[in-house]
Amino acid sequence: MGKTAAAMLRKLCFATAIVSVFFTDIAYGQQQNIIIPRGESTIVLEPYAPNIIRVTLSLIKDQATAAPGYGIVASPAPDGWAYEETEDAHIYRSSRMVVTLLGGSGRRSQSASPQPTELTNVQKTQASIGKFFNGSTPWADLRFTTPDDKPLTEMNGWQMSVPNYKDGNAGILNDKRPSDDPFYQVGASFTSPSDEHYYGLGQNQEGYLDHRGHSVPCWNNYTATGGPTWCIPFVVTNKGYGLLWDNPSQTTIDPGFNEQTRWMSQVGSRVSFFVIAGNTTDEIYSGYRLLTGATPLLPKAAYGYIQCKQRYITQDEVLQVAKGYRDRHLPADVLVVDWFYYTKMGQMDMDPQNWPDPKAMNDELHKMGFQTMISVWPRFVPESRFYDTILKNGWFEHLADGTPTNGLPYDRAGSDIDTTNPDAAHWYWETVRDNILSNGFDSLWADETEPDLPPNGSYYHIGPGTRYYNVYPLFHTGSLYDGFRRDTDHRALTLSRDAYLGVQSKGTIVWSSDIAPTWDTLQRQIPTGLNAAASGLAYWSNDTGGWQYLPGSHKPAHPPLLDPSDARDNVSGYDDYPELYTRWFEYATFLPIMRTHGSRNFNEVWSYGKQAEPILEKYLKLRYELMPYIYSLGYSTYQTGAPYMRALFMDFPKDTKASLLTDEYMFGPAFLVAPIYEQGATTREVYLPAGSDWYNYWTNERVHGGQSIIVHAPIDTIPLFVRAGSIIPFGSQVLSTGEVQSIAKVRIYPGANAEFTLYQDDGKTYAYEKGSSQITHLHWDDKSRKLAHDGAQAWSQPDNQIIDIVGRR
């Protein structure tokens, strides 16, 4: 009864608040925003583009008018927006969006004023409830539409409440110091039509794609259900808009419950969010790019194959793995040195017993065409050589009394450096640069970037960890990216365990952390990755095969499709693991980043038995054949912000069935990928979206879209289709992306006109930012069945030796 009564009272308070705003005036903040007093609150409308508006609401005016939070890099841009006030509403419009705040000037003539009437029984009850319960903020209703009055979304309530015992959150006040800004719980509710669907919101590993009907805990949580989570508070819907929630504290999103979508953040001093309108999902991602930064091209090696395991213990072992790939004439680009190469956590050294000359090792690997990545943690044990320096400078994540936060008694890995402190961040990069990268390593693996010691109740340089719970990945990867840009002559590459708004702009790959080696996990990785990409983070990956240790015994429900008997030293009694690893590897071939990792004795493509080996080699080589296509997709993401691992809702918004599928996706504009994730399966049902014909990649059979078909999928075949009207460039076989790769063929899948931008550059530097690249525009005219190309010359052979038209007789 209490909560219901409070809700009823809010309606009464809202109605009362309208009267107070009728006689207020509008103030303009440097002609960049509209500031509207509403009772005790302030509402600000601030444009960033014709299709992007920021809204802030606060009981503290200075907070309402303050700049956006961490991760937002854009500046307001009011050009093209016009404001008007009517008796009923404040209206702010551009050529792309209309924002309407209900409740205008109310300057009616006296004769037109409504006459007092007797309260109804409902109003009397509401008044009685108001004696005991009230809401925290004045009423506000904000409607977002297109200029032709198509609804986008509507905010119909907000909250900014002091933590209290009634709401069960009074204890959070213990997480602030007297000098810290006050804590408020802040939130807002939006209408949710029954046919609205929600995608993005970072990484959640519970196995669904559409968040509707699921409560989403949006924060870094290594122990979350299904697997570790991290938060990018950005959602894209099928209603033509995206919403970016500007609050880094632990936030819960409840999409589609009771015809509402509610955002609620533990701590804040305002409600702040952006609405991005888009005629296509790619236009929404262009808006996200504007707000949070472009996704730079990674070193070309990152688009190849990254070989990793827990762990290569000696430099000789690393060299032998490299030799194994080259002796077998197999392509691979990056070898990874995982943790425990050091003598102490935070010592920033390499144990000379196992790594006698890492510089010579890297020199040799570079000659073989490999780059190397090495894991660096943000943790320092008290016995390490830098601990006292960090402690003296106050550079640790710490408790209120300054004591470094630690994980004792069970976690003895020391304390986390606070890279929200710019001095600490600069020092950390220089220490990594001078002690680790100086040994010839090319890139970094920033493990444990939640941080692993949760910051709630601790403090950063920027303030309470409870208020800034999710920002550490942004600051930490940023410290490394800035260092790479400043001090090296090659592109930055950091593998990060976690993400937040803007992490995509820091030269990062983010992976799904320490997942289990099971079929269920493989199945859930598909929607997990699709939502991560839908969050504006193009470079997501996972540990192919799962990271956790294999069980001593695992008996499958069906006879294994691959014989494990000659891989027992690696898979032990997990009879179907070679089959699982092979299916996972097939899927990984069509991820933005192809990276294997795990806690097996061996983890190379020849480690899973003689039956598995040729299949793994087949897909490894295919990855490199597709390198011209994949690298060009990376360039497209840099330009547009749109991911190239794409849930089907992005490209087929009118196909309801396609938009809700969790286990198929587009890899760029051409490929539809339908991984096998059931043990023993040799067929699967594949839905081919309507509006196009499709080609089976393996057989070239052409099939009409808008139907489900049963696809033959023996163990060496992943169901793979190509959209009619596609251009796919294939490269010659190379052993690494460092070799010159010629265009071997350009395959055309007819059925519609097609465009493709073929992109090439040096693959190593940022010269592309200044226009140093080779761009070839390819155009297929389906009616004339001719391919035209202009721009840079992409091949030297005659076209009839390069162009391959599928189905041509």
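For the structure, see preceding data.
About the cut-offs
Residues numbered from 1 in each chain as written. Predicted model: local features only at pLDDT ≥ 70, side-chain atom pairs only at ≥ 80, totals over all residues. Heavy atoms only, no water. Axes fitted to C-alpha atoms, helices over the stretch in contact; angles between N-to-C directions. Helix = DSSP H or I, 4+ residues; strand = E, 2+ residues; numbered from the N terminus. Parallel < 35°, antiparallel > 145°, perpendicular 65-115°, else oblique. Contact = heavy atoms within 4.5 Å. Nonpolar A, V, L, I, M, F, W, Y, C, P; charged D, E, K, R; others polar. Phe/Tyr/Trp six-rings, centres within 6.5 Å; stacked < 30°, edge-to-face > 60°. Buried < 20%, exposed > 50% of the residue type's maximum accessible area, 1.4 Å probe, protein only. Core = buried A, V, L, I, M, F, W, Y, C linked by side-chain atoms within 4.5 Å. Expected span 1.5 Å × (residues − 1). Polar contact = N/O pair within 3.5 Å; in protein donor to acceptor, adjacent residues only side chain to side chain. Pairing = 2+ DSSP bridges.

1. Section: the packing of helix H10 (residues 519–534) against helix H12 (residues 577–588)
The interhelical angle for the contact between H10 and H12, taken along N-to-C directions, is 10 degrees, at an axis separation of 10 Å. In terms of orientation, H10 lies roughly parallel with respect to H12. Touching Trp 519, Thr 521, Leu 522, Gln 525 and Ile 526 of H10 are Glu 579, Leu 580, Arg 583, Trp 584 and Tyr 587, all from H12. The class makeup of the residues in the contact of H10 with H12 is six nonpolar, two polar and two charged.

2. A short note on the packing of aromatic side chains
This model, assessed by the stated rule, comprises 51 aromatic pairs. Summarising the aromatic geometry, the rings of Tyr 387 and Phe 396 are spaced 4.9 Å apart at their centres and angled 40 degrees between planes, so their arrangement reads as tilted. The class for Phe 396 is buried, based on a relative accessible area of 2%. Note on Tyr 635 and Tyr 759: the rings are 3.9 Å apart at their centroids and 5 degrees apart in plane angle, and the pair reads as stacked.

3. A short note on the nonpolar core
In terms of nonpolar packing, the biggest core is built from 178 residues, with Phe 234, Tyr 305, Phe 380, Tyr 665 and Phe 671 touching the most fellow members. Of all hydrophobic cores here, the second largest spans 39 residues; its members include Ile 53, Cys 218, Trp 245 and Val 271.

4. Observations regarding helix H8 (residues 422–435)
Residues three or four positions apart in an α-helix share a direction because the helix packs 3.6 residues into each turn. Look at H8: 20 Å from first C-alpha to last across 14 residues, which is about the 20 Å you get at 1.5 Å a residue. Along H8, the residues classified as buried are Ala 424, Ala 425, Trp 427, Tyr 428, Trp 429, Thr 431 and Val 432. The secondary structure elements touched by the buried residues of H8 are strand S20 (371–376), strand S21 (379–380), helix H7 (387–393), strand S23 (443–446) and helix H9 (472–487). At the N-terminal boundary of H8, the capping side chain belongs to Asn 421, with an oxygen 2.9 Å from the backbone nitrogen of Asp 423.

5. A closer look at the sheet that holds strand S7 (residues 98–102)
Spatially, nine strands are ordered S5-S6-S7-S8-S9-S10-S16-S15-S12 in an open sheet, and the strand pairing comes out antiparallel. The open sheet has two edge strands with one neighbour each: strand S5 (82–85) and strand S12 (216–218). With strand direction ignored, the average angle separating the axes of adjacent strands in the sheet is 20 degrees. Note: strand S10 (residues 184–191) against strand S16 (residues 260–268), seven bridges, orientation antiparallel. In the sheet register, Ser 189 faces S16, and the bridge partner there is Arg 262.

6. Some points on the sheet that holds strand S36 (residues 693–696)
Hydrogen bonds between backbone groups are what pair the strands of a sheet, and the pairing can be parallel or antiparallel. Judged by pairing direction, the sheet is antiparallel, and its six strands sit side by side in the order S32-S33-S34-S39-S36-S37 without closing on themselves. The outermost strands of the open sheet, each flanked by one partner alone, are strand S32 (645–647) and strand S37 (702–704). Mean inter-strand twist for the sheet, computed between neighbouring axes without regard to direction, equals 35 degrees. Where S36 lies against S37, three bridges are found, and the strand directions are antiparallel. Its bridge partner being in S37, Tyr 695 is matched across the sheet by Arg 702.

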